[in-house]
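Below, each chain spelled out in residue letters.
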Amino acid sequence: MSDDDGRPPSPDPRLGPASDEGVLTRLRTAEEGPLLFVREILTSALAVLAVGLLLFAVSGVWPPMVAVESGSMEPHMYKGDLVFITGPERYAPDSAVEGTAVVTAETGAEVDYRKFGGPGSVIVYDDPGARGPPIIHRAMLWVEDGENWYDRANPEYMAADNCRELANCPAEYSGFITKGDNNPRYDQVSGIADPVRPEWVQGVARIRIPLLGWVRLTLANSMATTTPVAPAPVELVDVTTMETAAPDVSTTNAAGGDAPATTAPLQVEPPELSEPSATSARADALAA
């Protein structure tokens, strides 16, 4: 009798799709041992990826989270807070500066637009001419190229009697005048940054989650003990690394409560009694 009886040969259980199907079945149904461990790791990784993709879709910026590393935004943001940000042009209110989603504190006070305990938007920006990580501060004024903005500014946040004595006045170009809520001077007066061009804005703060940023800050500090790196005030946090660690910028939502920081990531310092230095007031944002 011929070995070939017209039926297809049985698949070798060690090869091909049948073998793959068997592994997948065992992986899916395992209740103990290495396969259970592998399944849990894969499930966690897929969950983190799904959350990351969702946050990116909503925010339009990556990383979508920043960890605050200094106290320059207290009492509305604290060191160790985690802040969710959206792209600089996303979800722009009618009162926002044209071409951006940023509402200045000056305009916010007029139209009652408040975020994180104060009028106007809190932004994460990075001045390429300044040393250090990105900063998370409030947008106070929008100034036009060549404008004498001294008369519009709050005299309490300046150390000058006229525009000639004021740094960055008249404005050399159009941009935002910014300030940390806990700082005594405008960033552009104390030398922290030049007027912030719209293209320097990396994101607009929306939601603050208290304490969650400490995970990222702790990891960054641990790495700093072996690798010499300058301290970072605000950290950009990659959600893909955040999930596996554990449950950080304030717990309030962007609707404006006291609980809602910069950037990227994505740092806040203790309350300052004197004018902060350009380095200490910066918010660290290191890509996770």
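Refer to the structure above for everything that follows.
Attention in this report is confined to the structure presented alongside it. None of these values were measured; they are calculated from a predicted model.

To continue, consider the overall build of the protein. Per the secondary structure count, the protein includes six helices and nine strands. Buried positions account for 47% of the 288 residues belonging to the protein. For the protein, the accessible surface area stands at approximately 14600 Å², while carbon and sulfur atoms represent 58% of it.

Attention now goes to the state of the cysteines. Structurally, a disulfide amounts to a covalent bond that connects the sulfur atoms of two cysteines. As enumerated under the stated definition, the model contains one disulfide in all. One disulfide bridge connects Cys 163 with Cys 169, the sulfur atoms lying 2.0 Å from each other. Across the disulfide from Cys 163 to Cys 169, rotation about the S-S bond amounts to roughly -115°, and the bridge is consequently left-handed. Its relative accessible area of 10% is what places Cys 163 among the buried residues.

This part takes up the pattern of salt bridges. The full count for this structure, using the stated rule, is five salt bridges. Salt-bridge contacts for Arg 208 lead to Asp 81; the nearest nitrogen and oxygen are separated by 2.7 Å. Of this pair, Arg 208 sits in strand β8 (residues 201-209) while Asp 81 sits in the loop between β1 (65-68) and β2 (82-86), and the two are 127 residues apart along the sequence. Under the relative-accessibility criterion, Asp 81 is labelled buried at 3%. Here Arg 138 ties to Asp 181 by a salt bridge, and the two come within 2.7 Å at their closest N and O atoms. Taken together, the residues Arg 138 in strand β6 (residues 135-143) and Asp 181 in the loop between β7 (175-179) and α4 (187-190) connect sequence positions 43 residues apart. Connected through shared salt-bridge partners, Glu 106, Glu 147 and Arg 152 make up one network.

Moving on, we come to the packing of aromatic side chains. If you walk through the whole model with that rule in mind, you get four aromatic pairs. Both rings, one in Trp 142 and one in Phe 176, keep their centres 4.9 Å apart while their planes meet at 70°; by these two values the pair is edge-to-face. Taken together, the residues span a long stretch of sequence, with Trp 142 in strand β6 and Phe 176 in strand β7 at a distance of 34 residues. Seen in terms of ring centroids, Trp 149 and Tyr 186 are 6.1 Å apart; in terms of plane orientation they differ by 80°. Their pairing is edge-to-face. Placement of Trp 149 in the loop between β6 and β7 and of Tyr 186 in the loop between β7 and α4 is noted, with a sequence separation of 37 residues between them. Trp 149 gets classed as buried once you look at its relative accessible area, which sits at 0%. An aromatic cluster of at least three residues, connected via ring pairs, comprises Trp 149, Tyr 157 and Tyr 186. Its end group placed over the ring of Tyr 157, Lys 179 keeps NZ or CZ at 4.4 Å from the ring centre. Stacked on the ring of Tyr 173, the Lys or Arg Arg 197 has its end atom at 3.6 Å from the ring centre.

Summarising the element assignment, Thr 86 is placed in strand β2. Among the polar contacts made by the side chain of Thr 86, one reaches the side chain of Arg 206 at a distance of 2.8 Å. What Thr 86 contacts, discounting residues up to four positions off in sequence, is Val 58, Ser 59, Val 61, Tyr 91, Gln 202, Gly 203, Val 204 and Arg 206.

Reading the values: the criteria
Residues numbered from 1 in each chain as written. Predicted model: local features only at pLDDT ≥ 70, side-chain atom pairs only at ≥ 80, totals over all residues. Heavy atoms only, no water. Helix = DSSP H or I, 4+ residues; strand = E, 2+ residues; numbered from the N terminus. Buried < 20%, exposed > 50% of the residue type's maximum accessible area, 1.4 Å probe, protein only. Areas by Shrake-Rupley, 256 points an atom, 1.4 Å probe, with all protein chains shown as cover. Disulfide = S-S within 2.5 Å. Salt bridge = Lys/Arg side-chain N within 4 Å of Asp/Glu carboxyl O. Phe/Tyr/Trp six-rings, centres within 6.5 Å; stacked < 30°, edge-to-face > 60°. Lys NZ or Arg CZ within 6 Å of the ring centre and 35° of its normal. Polar contact = N/O pair within 3.5 Å; in protein donor to acceptor, adjacent residues only side chain to side chain. Contact = heavy atoms within 4.5 Å.

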